[in-house]
Amino acid sequence: MAQVHMQHLLAFIGSLQLGDSFFPSGLYTLSHGLEAFAQADELGPATLEALLIDHLRDGFGAADAVALACAHRAIEEHDLDLAALADVRLTATKLPREARETSLRAGRQLLHIAGEIFGGEVLDVYAEYVRGNRAPGNHAVVLGLVMATQGIQREMAIAGELYALVSSCVAAAVRLALVDHVVAQVALHRLKPVIAEVARANRDKGVQDIASCVPRTDVMAMRHERAEVRLFMS
């Protein structure tokens, strides 16, 4: 019993490490479209939470969370081809160029760093998949593989990824001077039940369920690609 408790505790600490902004995956450079909303004067304290709820339910949750779940299941089933299929489909859901490129950049960075930090044959094999163009290497998929190899349960892994994405969004809102730190933390607190709801709803979905329907965010992200002045990469 004590050993099982220790394993759960270590997995929890591992999820904190992987979701920490200090972890060098590059997420802090992304606003996930928020900068374009700010440039269009369409984002502020009153609208931030609603926008992030849409992101969670119809964007991050419907696409990245499901892809992460598939990658996590690929480790359980010893089938990396499942992760690769999820990886390819996730790329197809990212319509804005910046969204695709930043997801791949962060994912490949994570794959390289996680291999050095945690090691393991599975990550080495998937790195070969990416180098051989058998898989794109999206961040959510790579994170799902890493978290599974670290013994982090699937639902907790999804929740950790969603929290990290939302946290990076509210941090971007602070850096854009749209909200202060207190408002940002209040938003994070209020969004915790939504994160839990979305994690639970998507933990058992398959590759065919990976989708995204946030058209306004996609349009704003495409505008961001042409912006003359940008603080963030997306």
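Given the structure is predicted, the values throughout are model-derived calculations rather than measurements.

Conventions adopted
Residues numbered from 1 in each chain as written. Predicted model: local features only at pLDDT ≥ 70, side-chain atom pairs only at ≥ 80, totals over all residues. Heavy atoms only, no water. Salt bridge = Lys/Arg side-chain N within 4 Å of Asp/Glu carboxyl O. Helix = DSSP H or I, 4+ residues; strand = E, 2+ residues; numbered from the N terminus. Axes fitted to C-alpha atoms, helices over the stretch in contact; angles between N-to-C directions. Left-handed = near helix turned anticlockwise from the far one by under 90°. Contact = heavy atoms within 4.5 Å. Polar contact = N/O pair within 3.5 Å; in protein donor to acceptor, adjacent residues only side chain to side chain. Phe/Tyr/Trp six-rings, centres within 6.5 Å; stacked < 30°, edge-to-face > 60°. Buried < 20%, exposed > 50% of the residue type's maximum accessible area, 1.4 Å probe, protein only. Lys NZ or Arg CZ within 6 Å of the ring centre and 35° of its normal. pLDDT = per-residue confidence, 0-100. Expected span 1.5 Å × (residues − 1).

Participant: Any details on the pattern of salt bridges? Residues and values, ideally.
Facilitator: Charged atoms that come close allow side chains of opposite charge to pair. In the structure shown here, the tally under the stated rule is 12 salt bridges. One salt bridge connects Asp81 with Arg134, and the closest N-O pair in it is separated by 3.3 Å. Here the residue Asp81 occupies a position in helix α4 (residues 80-93), and Arg134 occupies one in the loop between α6 (121-131) and α7 (139-149), the gap between them amounting to 53 residues. Of the charged contacts in the structure, one is a salt bridge between Asp204 and Arg203, with a shortest N-O distance of 3.6 Å.

Participant: Before we move on, could you go through the packing of helix α3 (residues 45-76) against helix α9 (residues 181-202) and cite the residues and values that matter?
Facilitator: The packing of two helices is summarised by the inter-axis angle and the distance between the axes. Where α3 contacts α9, the axes come no closer than 10 Å and their chain directions differ by 30°. In this structure, α3 meets α9 at a crossing whose hand is right-handed. Only Val183, Ala187, Arg190, Leu191, Val194, Ile195, Glu197, Val198 and Asn202 of α9 make contact with α3, whose side of the interface consists of Pro45, Glu49, Leu52, Ile53, Leu56, Arg57, Gly61, Ala65, Val66 and Ala69.

Participant: I'd love a proper account of the environment of Glu49, names of residues and values included.
Facilitator: With respect to the helices and strands, Glu49 occurs in helix α3. Between the C-alpha atom of Glu49 and that of Leu143, which follows or precedes it by 94 residues, the distance is 25 Å. If we ignore the near neighbours within four places in the chain, the residues touching Glu49 are Ala187, Arg190 and Leu191. Among the polar contacts made by the side chain of Glu49, one reaches the side chain of Arg190 at a distance of 3.1 Å.

Participant: Provide a residue-level description of the packing of aromatic side chains, including the pertinent values.
Facilitator: On inspection of all chains with the given rule, the structure shows 1 aromatic pair. Between the aromatic rings of Tyr126 and Tyr129, the centroid separation amounts to 5.5 Å while the plane-to-plane angle is 25°, which identifies the pairing as stacked. Note that Tyr126 and Tyr129 are positioned in helix α6 at a spacing of 3 residues, about one turn of the helix. Tyr129 gets classed as buried once you look at its relative accessible area, which sits at 10%. Directly above the aromatic system of Tyr129 lies the positively charged group of Arg134, at a separation of 4.0 Å from the ring centroid.

Participant: Talk me through the confidence of the model for the chain; I want residue IDs and the actual numbers.
Facilitator: Taken as a whole, the chain shows an average pLDDT of 89; of its residues, 94% reach a score of 70 or greater. The element-level mean pLDDT for the chain is lowest in helix α1 (residues 2-19), coming to 79, with α4 highest at 98.

Participant: A description of unusual backbone geometry should follow, citing residues and the corresponding values.
Facilitator: What is expected of a backbone is that most residues other than glycine have negative phi and most peptide bonds are trans. You will see that Asp41, though not glycine, has its phi angle at about 55°, which is positive. Looking at the secondary structure, you find Asp41 in the loop between α2 (34-39) and α3. Its relative accessible area of 69% is what places Asp41 among the exposed residues. You will see that His78, though not glycine, has its phi angle at about 55°, which is positive.

Participant: Give me helix α5 (residues 97-117): which residues, what numbers.
Facilitator: For α5, built from 21 residues, the straight-helix expectation of 30 Å at 1.5 Å per residue is met to within 8% by its first-to-last C-alpha distance of 30 Å. Where α5 is concerned, the buried positions are Glu98, Thr102, Ser103, Leu104, Ala106, Gly107, Leu110, Leu111, Ile113 and Ala114. Just downstream of α5 lies Gly119, where phi reads positive at about 70°.

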